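Descriptive structure summary
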Amino acid sequence: MSKAKVLLAEDDLSLGFVIKDNLQDAGYEVTHCPDGEVAWQQFQKKGFDICLLDINMPVRDGFSLAKKIRQQSDIVPVLFITAKTMQEDKLKGFQTGADDYITKPFSMQELLLRMDVFLRRTKKLQADTKEEYQVGKLRFVFNELKLYNKGEFIALTQRESDLLRFFAQHTNKILKREEVLLNVWGKDDYFLGRSMDVFITKLRKHFKADPNIVLETIHGVGFRLQVNE
């Protein structure tokens, strides 16, 4: 079985070497880059399975790097390793296409567990069996990260796809906010709730292609994906 390839962008060389050594001990193949521009050059040359990005880096910061990666791939998981704790910074990270974040200082066990979650999800996406849902007139193929409208399609991010799948599995049912967060994000907290609202807005824009699809906000409770006949 081939080793999963990790792109590590971290300008703190001491921390970068520690993370790299631990990941290699855990069986990963790691490419460590000292700044965002070098990381972007490496990303274009090699096929990585997951990206770990610091935010504050010289030449090209983590936000800019994540945007470039997302322009080239919607599937490869992107995790921010950051000292930033401001909610606005975390929201910006998700808006650039990141899948998750881990705040310094952190334990390697926590990092390895989070990486494993996203790598298993990516492997499932690449499986031969398609996971499809009909949402009104739209056809959602989870494995492809695509929402089809007749002959055209909308490319979704991994997080949009995870969220849409959960709603599609519970069409016309009221879902509590905490229920959605626990099933899609794996935990329930204020910041992740803010992030979820960003993705809810994105899904609503996609649903404009079919006026019979309404993603309702049930104030004080949660949401309901209403699909009218």
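For the structure given in this document, a descriptive report is provided here. (Residues numbered from 1 in each chain as written. Predicted model: local features only at pLDDT ≥ 70, side-chain atom pairs only at ≥ 80, totals over all residues. Heavy atoms only, no water.)

**Observations concerning the layout of surface pockets**
- Volume-wise, the second largest pocket comes out at about 210 Å³.
- Lining the second largest pocket are Asp100, Leu113, Arg114, Val117, Phe118, Arg121, Arg159, Val184, Trp185, Gly186 and Lys187.
- When residues of the lining of the second largest pocket are assigned to their parent elements, the largest contribution, five residues, is made by helix H5 (residues 108–125).
- Residue composition of the lining of the second largest pocket, by class: five nonpolar, one polar and five charged. (1 Å grid on protein atoms, 1.4 Å probe; cavity = no way out; pocket = protein on both sides within 12 Å on 5 of 7 lines; lining within 4 Å. Points joined across faces, edges and corners; volume = space filled by probe spheres on them. Helix = DSSP H or I, 4+ residues; strand = E, 2+ residues; numbered from the N terminus. Nonpolar A, V, L, I, M, F, W, Y, C, P; charged D, E, K, R; others polar.)

**Some thoughts on empty space enclosed by the protein**
- Within this structure, the stated rule accounts for two cavities of 30 Å³ or more.
- Each pocket or cavity is described by its volume, and for the second largest cavity that value is around 40 Å³.
- Lining the second largest cavity are Phe94, Gln95, Gly97, Ala98, Asp99, Thr157, Gln158, Arg159, Phe199 and Lys202.
- At the level of elements, helix H4 (87–95), helix H6 (158–168) and helix H8 (190–206) are the ones that each hand at least two residues to the lining of the second largest cavity.

**Remarks on H6**
- With eleven of eleven residues buried, H6 lies mostly within the body of the structure.
- Within the span of H6, buried status applies to Gln158, Arg159, Glu160, Ser161, Asp162, Leu163, Leu164, Arg165, Phe166, Phe167 and Ala168. (Buried < 20%, exposed > 50% of the residue type's maximum accessible area, 1.4 Å probe, protein only.)

**Section: the packing of H6 against helix H7 (residues 177–184)**
- At their nearest, the axes of H6 and H7 sit 10 Å apart, and the two run at 125 degrees to each other. As summarised for this structure, H6 and H7 are arranged oblique, according to the angle between their axes. The handedness of the crossing between H6 and H7 comes out as right-handed. Of the residues in H7, those touching H6 at Arg159, Asp162, Leu163, Phe166 and Phe167 are Glu179, Val180, Asn183 and Val184. (Axes fitted to C-alpha atoms, helices over the stretch in contact; angles between N-to-C directions. Parallel < 35°, antiparallel > 145°, perpendicular 65-115°, else oblique. Left-handed = near helix turned anticlockwise from the far one by under 90°. Contact = heavy atoms within 4.5 Å.)

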